[in-house]
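So you can see what is in the structure, the chains are spelled out below.
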Amino acid sequence: MKAIQWIRILAGLAFLGSIPESILAQKRSKIKVLIVDGFSNHDWKQTTAVTKWILEQSGKFVIDVSTVPADSLSLESWNPNFEKYAVVIQNTNNIWNQKLRWSKSAELGLEKYVKNGGGLYILHSGNNAFSHWEEYDKMIGMGWRPKSFGYALMVEINENINRIPPNEGAGTGHGDRFNALITVLNRHPINKNFPKQWQTANTEVYHYPRGSAENLTVLSYAYDSTGTQKMWPVEWVVNYGKGRVYNSSMGHLWRGEKYPPAYRCVGFQTTMIRAAEWLATKKVSYRVPNDFPTKDTISLKPESEYPSN
């Protein structure tokens, strides 16, 4: 091969090596994600918008949104084709109005989708929803439920899990929001290379999350400094059939907020991206950024980077 050809090849390789990871990711096949929204006591529209933006900014995902119809006639025929997607993000919550539900066909469709190997991300108050839906309780592992319902998991000082039976302790709740110190309990592809402890901004720590708590692994926990003064799970994953579910109390976005500190947190954004990637592929390639928060400091993305429209 002539010298000039070698020079061109080497120059091309050097150029590829200089391309940012986000651009290279766009060249690869992107993961298809569906966000389901439509009702919640939280700001579900803004939650969907920010979640979509965070995932798309990583360069790894293409996002569709399916909004549950408000009128009953349209609801009857609402039945998303979950099978088209590698991940479904559940962003609906009917805790304040039990009459708000998915169509029965959509419920059965989600059950089938996850059982057959799909990935389900329960986003914050999504685990407050659907107390009528038995299989949903199995999928989420634990959620916002009354004292009489299921088991609650509490983390002891030695990091053992205390399984609290029904009618002991209390129902699910939370204290004030605060900068919670997340502590990794079990290493997993989602939290690989995370520090053992890191701070997330202005978040809620749910106490006494309750459910069947079966086929479940707690990934992290936090000390509930504004409420019970005890340690509770913050993230967990559940095996449901051949599928995988990620559930977390992180991701609170209340009415009137726009790109709040909880969503600007580098730790939360990194976790969301890696959780979605793991749900889709069982692997994680998204790197832990250099500005990931530490045990002593939070790390926030600037408000100015979020689109104003």
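Since the model is a prediction, treat every value here as computed from it, not as a measurement.

Conventions adopted
Residues numbered from 1 in each chain as written. Predicted model: local features only at pLDDT ≥ 70, side-chain atom pairs only at ≥ 80, totals over all residues. Heavy atoms only, no water. Helix = DSSP H or I, 4+ residues; strand = E, 2+ residues; numbered from the N terminus. Buried < 20%, exposed > 50% of the residue type's maximum accessible area, 1.4 Å probe, protein only. Contact = heavy atoms within 4.5 Å. Areas by Shrake-Rupley, 256 points an atom, 1.4 Å probe, with all protein chains shown as cover. Lys, Arg positive; Asp, Glu negative; His and termini not counted. Charge placed at Lys NZ, Arg CZ, Asp CG, Glu CD. Pairing = 2+ DSSP bridges. Axes fitted to C-alpha atoms, helices over the stretch in contact; angles between N-to-C directions. Parallel < 35°, antiparallel > 145°, perpendicular 65-115°, else oblique. Nonpolar A, V, L, I, M, F, W, Y, C, P; charged D, E, K, R; others polar.

Trainee: What is the right way to read the overall build of the chain from this model?
Mentor: A tally of helices and strands in the chain yields eight helices and 14 strands. Counting only C-alpha atoms and orienting by the principal axes, one finds that the chain spans roughly 80 × 50 × 40 Å. Across the 309 residues in the chain, those meeting the buried criterion constitute 51%. In the chain, once contacts between residues fewer than 6 apart in sequence are set aside, the share between residues at least 24 apart is 72%. Entry remark: accessible area of the chain is about 14,200 Å², with carbon and sulfur atoms responsible for 51%. Computed over 36 positive and 27 negative side-chain charges, the inter-centroid distance for the chain is 8 Å.

Trainee: What exactly am I supposed to notice about the pairing of strand β5 (residues 151-155) here?
Mentor: A regular strand carries its side chains on alternate faces of the sheet. The buried fraction of β5 is high, at four of five residues. In terms of strand pairing, β5 meets strand β6 (residues 161-164) through four bridges, oriented antiparallel. Of the residues in β6, the one forming a bridge with A152 is I164. Where β5 folds back on β6, the antiparallel hairpin that results is connected by five residues, among which E159 adopts a positive phi of roughly 70°.

Trainee: Explain the packing of helix α3 (residues 44-57) against helix α8 (residues 266-281) to me, please; I cannot follow it from the model alone.
Mentor: How two helices sit against one another is set out by the angle between their axes and by the gap between those axes. Running from N to C, α3 and α8 cross one another at 75°; their axes reach a closest spacing of 10 Å. The orientation of α3 relative to α8 falls into the category roughly perpendicular. On the side of α3, the interface is formed by T51, I54 and L55, while α8 contributes Q269, M272, I273 and A276. Partitioned by chemical class, the residues of the contact of α3 with α8 number five nonpolar, two polar and no charged.

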